[in-house]
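Coordinates in review
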Amino acid sequence: MAEQENVKPQKKLSSSWFSTVLSIALVLVMVGLLGVMLINARRISDETKESIDFEIMLQNELEPSEIAAFQKELGKKEYVKATRLVSKEEAAEETIALLGHDFREVVGDILPPSIILNLKSEYINKDFLRKLEKEMQRDVRVFDVQYQQTYVENIHKNLYAVSAVLIGLCVVLLIIAVSLLLNTIRLSIYAKRFLIRSMLYVGAKKTTIRKPFIIKGILQGIWGALIAWLLLAAGLYFGSQFMPGGNFALISLDSATLRWYILMFIALLLFSILITWLSTYLAVCKYIRMKIDKLYF
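Anyway, here's the lowdown on the structure attached to this text. Keep in mind that this is a model prediction, so the values were computed, not measured.

**Description of the environment of Glu122**
Among the secondary structure elements, Glu122 is positioned in the loop between β3 (114-119) and α5 (126-137). Spatially, the C-alpha atoms of Glu122 and Tyr79 are 8.3 Å apart, while their sequence positions differ by 43 residues. Within the structure, Glu122 has its side chain in polar contact with the side chain of Ser121 (distance 3.4 Å).

Here's what the structure looks like:
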């Protein structure tokens, strides 16, 4: 009988430990999903900006060697992500495909060669594009410059609006997640409030009382973070496989994005340790100071 009575408390303790760790993990998964949303929203925003073509139309009389040298020169600019040469023949073929007939029969071969620039996302703004346009137009090798100015302005307006809504949503959900995590830890300490009071009665110091609870809370936070890592990693993998988003994947696992995911995982671990430590410390201090008659309510 004594052995059976000892087994029951052990089962209750293990069940309480597991439920607390699982609760922490689920809250961290919620926070992690917010991070995934922000990381991929930023990536999609950058990819959208970098897909904008800045076309530099060249003088017809330029030699191929001069065009190649100019393209190489542009490719070395700090604001250029990629360059693409469109020859006169390619420009004509694209225009014929667009119009549906050979315009050269009427006006002749009038299209010049061009170099298309794709700029880095941080340089895609109205002021810089206008400055670059004026700079290119002063170059004697350039005939004209074309880019979708209205499209650029609309992208910025839409991205700012979406970013504001997304950040607001993330702040609200983050507050909810933190509140859930704090309440989970407080409830686990609440179940041991009489044990805390008993330790205080036998002469244990406050630091001695707090220490085992804080260590346990931090361990729960670490295990919760590890479980959250596994769930988030599985979600990212399957999400990247089964959630295509047209030209832009909704969830990406490229090297640049992976670095952000790793930083997010580390931040989740530190966040979990900090919150569990802080909430455990505050909860234990609360029940140490609490009057005996209030422990029953």
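**Here's the deal with the nonpolar core**
Within soluble globular proteins, side chains that are nonpolar generally end up buried alongside one another. Judged by nonpolar contacts, the single largest core of 29 residues is most densely connected at Ile189, Ile196 and Val284. Every element with two or more residues in this core is listed here: α1 (2-50), α6 (149-190), α8 (206-242) and α9 (255-289). Tallying contributions element by element places α9 first for this core, with 9 residues. For Ile196, the contacting residues outside a window of four places in its chain are Ile189, Ile209, Phe213, Val284, Tyr287 and Ile288. Judged by nonpolar contacts, the second largest core, of 23 residues, contains Leu58, Ile67, Val80 and Leu129.

**Regarding a positive patch on the surface**
A cluster of basic residues, Lys126, Arg130, Lys134, Arg138 and Lys157, forms a positive patch on the protein surface. No other element matches α5, which puts 3 residues into the positive patch. Structurally, the position occupied by Lys134 is in helix α5. Given a relative accessible area of 54%, Lys134 falls into the exposed group.

**Re the packing of aromatic side chains**
Per the stated rule, a full pass over the model turns up 7 aromatic pairs. With centroids separated by 5.3 Å and ring planes inclined at 20°, the aromatic side chains of Phe54 and Tyr147 adopt a geometry described as stacked. A residue pair is termed long-range when its members are at least 10 positions apart, and Phe54 in strand β1 (residues 54-58) and Tyr147 in the loop between β4 (142-146) and α6 qualify at 93 residues. By the burial criterion, Phe54 is buried, and Tyr147 matches it. On the numbers, 6.1 Å between centres and 65° between planes, the contact of Tyr79 with Tyr123 is edge-to-face. Of this pair, Tyr79 sits in the loop between α2 (64-75) and β2 (80-86) while Tyr123 sits in the loop between β3 and α5, placing them 44 residues apart in sequence. Of the residues examined, Tyr79 reaches a relative accessible area of 9% and is grouped as buried.

**Points about the pairing of β3**
Where burial is concerned, most of β3 is hidden: 6 out of the 6 residues are buried. Residues Ser114, Ile116 and Asn118 line one face of β3 and the alternating positions Ile115, Leu117 and Leu119 line the opposite face, and both faces are buried. Pairing between β1 and β3: 4 bridges, direction antiparallel. When the bridges of β3 are listed, Met57 appears paired with Ser114.

Analysis parameters
Residues numbered from 1 in each chain as written. Predicted model: local features only at pLDDT ≥ 70, side-chain atom pairs only at ≥ 80, totals over all residues. Heavy atoms only, no water. Helix = DSSP H or I, 4+ residues; strand = E, 2+ residues; numbered from the N terminus. Polar contact = N/O pair within 3.5 Å; in protein donor to acceptor, adjacent residues only side chain to side chain. Core = buried A, V, L, I, M, F, W, Y, C linked by side-chain atoms within 4.5 Å. Buried < 20%, exposed > 50% of the residue type's maximum accessible area, 1.4 Å probe, protein only. Contact = heavy atoms within 4.5 Å. Patch = residues over 30% accessible without salt bridge, like charges linked within 9 Å, V, L, I, M, F, W, Y side chains within 5 Å. Areas by Shrake-Rupley, 256 points an atom, 1.4 Å probe, with all protein chains shown as cover. Salt bridge = Lys/Arg side-chain N within 4 Å of Asp/Glu carboxyl O. Lys, Arg positive; Asp, Glu negative; His and termini not counted. Charge placed at Lys NZ, Arg CZ, Asp CG, Glu CD. Phe/Tyr/Trp six-rings, centres within 6.5 Å; stacked < 30°, edge-to-face > 60°. Pairing = 2+ DSSP bridges.

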